[in-house]
Amino acid sequence: MSTVTATVPAVTSQRSTLRWQSVVKYMLLTLFAVPWVGVPLWLLVVNSFKTVGEASQLTLALPTKWAIAENYTAVFVAGNYLTGLKNSLLVAIPTIIVVLFLGSLAAWAYARSKSKVTQVFFYITALSILLPPAIIPTIYVLSTLHLDGSVWGYALMQMGTRIGGVIFLTTGFVRGLPTDLEEAAAIDGASRMRTYFSVMLPLLRPILFVGAVLLVISVWNDFFFGLLLLRGGDNATLPLTMYSFASSGEHGLNWNLVFAHVVMTSLPLVVAYLFAQRQVLAGLTEGSLKG
């Protein structure tokens, strides 16, 4: 009885110590995050409220003259924001759906295959992560398909260049999954596609959420390849409309409009995250634990 009585305070003390360690850890992480996240975010938002003269000074102070309506109205009207938003959605949504679907199918095949030839193709596919896209052959192929300069041609380029990363990420995840459920589905007479949708896709959900997060950030913010492959203002995505709009000032870069456009460009991603934050965080956590 005395042993049990002595054990209870020890367990309570240990839990208290762990709780304080957790509190200290999160306080240190918060102090570390404030200058690296909070300050740039404040700089971005507060300078989008200023006039062009004040915003060009790039300070953290509140504006002496507020220009919120003028800046954000200019982004919507003169900055072709809605056109850029439409084109960005036309590129990002099909790219994410196609890349995740085809990438997960290919990863399943690579992970389960014992063929050396298949493994060679896997390493070639994974090599695409390191190698930059071949711009001239890409333009030639898109020209042959009569898609050069169009949104759909640009979306095809994004699909082709992003799928290697998803395949590499998902293949390692699939290799860690047991084959029992797949074998049971095969015994029940399920086809390969039925097995994929009924068995594999639910199991791959965590890692596909991770892939979706990486994809949407890279595709949504892509500027370099959009500048090379898209033609005309009607096909411009949000990064391109921001570039052409903000650099059109008579006295150099209009920093107030740059900051306002960056805020509006990031807003769809923020809204999407707010609606899907539970799924995204669960996917990131489960994917990291499984990986």
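Conventions adopted
- Residues numbered from 1 in each chain as written.
- Predicted model: local features only at pLDDT ≥ 70, side-chain atom pairs only at ≥ 80, totals over all residues.
- Heavy atoms only, no water.
- Helix = DSSP H or I, 4+ residues; strand = E, 2+ residues; numbered from the N terminus.
- Contact = heavy atoms within 4.5 Å.
- Areas by Shrake-Rupley, 256 points an atom, 1.4 Å probe, with all protein chains shown as cover.
- 1 Å grid on protein atoms, 1.4 Å probe; cavity = no way out; pocket = protein on both sides within 12 Å on 5 of 7 lines; lining within 4 Å.
- Points joined across faces, edges and corners; volume = space filled by probe spheres on them.
- Nonpolar A, V, L, I, M, F, W, Y, C, P; charged D, E, K, R; others polar.
- Salt bridge = Lys/Arg side-chain N within 4 Å of Asp/Glu carboxyl O.
- Buried < 20%, exposed > 50% of the residue type's maximum accessible area, 1.4 Å probe, protein only.
- pLDDT = per-residue confidence, 0-100.
- Phe/Tyr/Trp six-rings, centres within 6.5 Å; stacked < 30°, edge-to-face > 60°.
- Lys NZ or Arg CZ within 6 Å of the ring centre and 35° of its normal.
- Polar contact = N/O pair within 3.5 Å; in protein donor to acceptor, adjacent residues only side chain to side chain.
- Axes fitted to C-alpha atoms, helices over the stretch in contact; angles between N-to-C directions.
- Left-handed = near helix turned anticlockwise from the far one by under 90°.
- Parallel < 35°, antiparallel > 145°, perpendicular 65-115°, else oblique.
- Core = buried A, V, L, I, M, F, W, Y, C linked by side-chain atoms within 4.5 Å.

## Some thoughts on the overall build of the protein chain
Then, in step 1: A tally of helices and strands in the protein chain yields twelve helices and zero strands.
Then, in step 2: Along the protein chain, helices and strands appear, N-terminal first, in the series α-α-α-α-α-α-α-α-α-α-α-α.
Then, in step 3: Pairs at least 24 apart in sequence give 70% of the contacts found in the protein chain among residues at least 6 apart.
Then, in step 4: Of the roughly 17,600 Å² of accessible surface on the protein chain, a fraction of 71% belongs to carbon and sulfur atoms.

## Thoughts on the layout of surface pockets
Then, in step 1: Counted as a void, the second largest pocket has a volume near 420 Å³.
Then, in step 2: As for the second largest pocket, its lining consists of 19 residues, and the residues nearest its centre are Ser-128, Ile-129, Thr-161, Arg-162 and Gly-165.
Then, in step 3: Where the lining of the second largest pocket is concerned, the elements lending two or more residues are helix H7 (151–175) and helix H9 (192–220).
Then, in step 4: Considering only residue class, the lining of the second largest pocket consists of twelve nonpolar, six polar and one charged.

## Topic: the pattern of salt bridges
Then, in step 1: In this structure the tally under the stated criterion is two salt bridges.
Then, in step 2: Ionic pairing is found between Arg-112 and Glu-182, a salt bridge with its closest N-O pair at 2.6 Å. Here Arg-112 is found in helix H4 (residues 81–112), whereas its partner Glu-182 is found in helix H8 (residues 180–187), with 70 residues between them in sequence.
Then, in step 3: A relative accessible area of 10% places Glu-182 in the buried class.

## Concerning empty space enclosed by the protein
Then, in step 1: With the rule as written, the count across this model stands at one cavity of 30 Å³ or more.
Then, in step 2: Space inside the largest cavity adds up to approximately 50 Å³.
Then, in step 3: Lining of the largest cavity is provided by Ser-88, Val-91, Ala-92, Tyr-154, Val-219, Trp-220, Asp-222, Thr-237 and Pro-239.
Then, in step 4: Looking at the lining of the largest cavity, the elements that each hand over two or more residues are H4 and H9.
Then, in step 5: In terms of residues, the lining of the largest cavity owes the most to one element, H4, which gives three residues.

## Details of unusual backbone geometry
Residues other than glycine predominantly adopt negative phi, and peptide bonds predominantly adopt the trans conformation.
Then, in step 1: With phi around 55 degrees, Leu-58 is a residue other than glycine that occupies positive phi space.
Then, in step 2: Among the structural elements, Leu-58 can be located in the loop between helix H2 (52–55) and helix H3 (68–77).

## Quick look at the confidence of the model for the protein chain
Then, in step 1: Taken over all residues, the pLDDT of the protein chain has a mean of 83, while the share at 70 or more is 87%.
Then, in step 2: For the protein chain, the element scoring lowest by mean pLDDT is helix H1 (residues 2–47), at 71; H4 scores highest, at 93.

## Looking at the packing of aromatic side chains
Then, in step 1: On inspection of all chains with the given rule, the structure shows 13 aromatic pairs.
Then, in step 2: On the numbers, 6.1 Å between centres and 20 degrees between planes, the contact of Phe-101 with Phe-197 is stacked. Highlighted residues: Phe-101 in helix H4 and Phe-197 in helix H9, separated in sequence by 96 residues.
Then, in step 3: Between Arg-175 and the ring centre of Phe-122, over which it is positioned, the NZ or CZ distance is 5.1 Å.

## Some remarks on the side chain of Asn-256
Then, in step 1: Checked against the element boundaries, Asn-256 lands in helix H12 (residues 255–290).
Then, in step 2: Among the polar contacts listed, one links the side chain of Asn-256 to the side chain of Asn-71, at a separation of 3.0 Å.

## As for the packing of H4 against H7
Then, in step 1: The contact between H4 and H7 brings their axes to 6 Å, and the two run at 35 degrees. The two elements H4 and H7 meet at a crossing, and its hand is right-handed.
Then, in step 2: The class makeup of the residues in the contact of H4 with H7 is 21 nonpolar, seven polar and three charged.

## A short note on the packing of H4 against helix H11 (residues 238–246)
Then, in step 1: It is at 7 Å that the axes of H4 and H11 come closest, and there the two elements cross at 150 degrees. Judged on the interaxial angle alone, H11 and H4 are roughly antiparallel. Across the interface between the two elements, Tyr-81, Gly-84, Leu-85 and Ser-88 of H4 pack against Leu-238, Pro-239 and Thr-241 of H11.
Then, in step 2: Looking at side-chain class alone, the contact of H4 with H11 contains four nonpolar, three polar and no charged residues.

## Some details on the nonpolar core
Then, in step 1: Of all hydrophobic cores here, the largest spans 46 residues; its most connected members are Leu-100, Tyr-154, Met-200 and Leu-204.
Then, in step 2: Of all the secondary-structure elements, those providing two or more residues to this core are H3, H4, H7, H9, helix H10 (224–229), H11 and H12.
Then, in step 3: Setting aside residues no more than four positions away along its own chain, Met-200 makes contact with Trp-108, Val-174, Leu-177, Glu-182 and Thr-195.

## Considerations on the environment of Gly-84
Then, in step 1: Assignment of secondary structure puts Gly-84 in helix H4.
Then, in step 2: Look at Gly-84 and you get buried, because its relative accessible area is 0%.
Then, in step 3: Measuring from C-alpha to C-alpha, the distance between Gly-84 and Thr-241 comes to 6.1 Å, with 157 residues separating the pair along the chain.
Then, in step 4: Non-local contacts of Gly-84, meaning those with residues more than four positions away in its chain, are made with Ala-236, Thr-237, Leu-238 and Thr-241.

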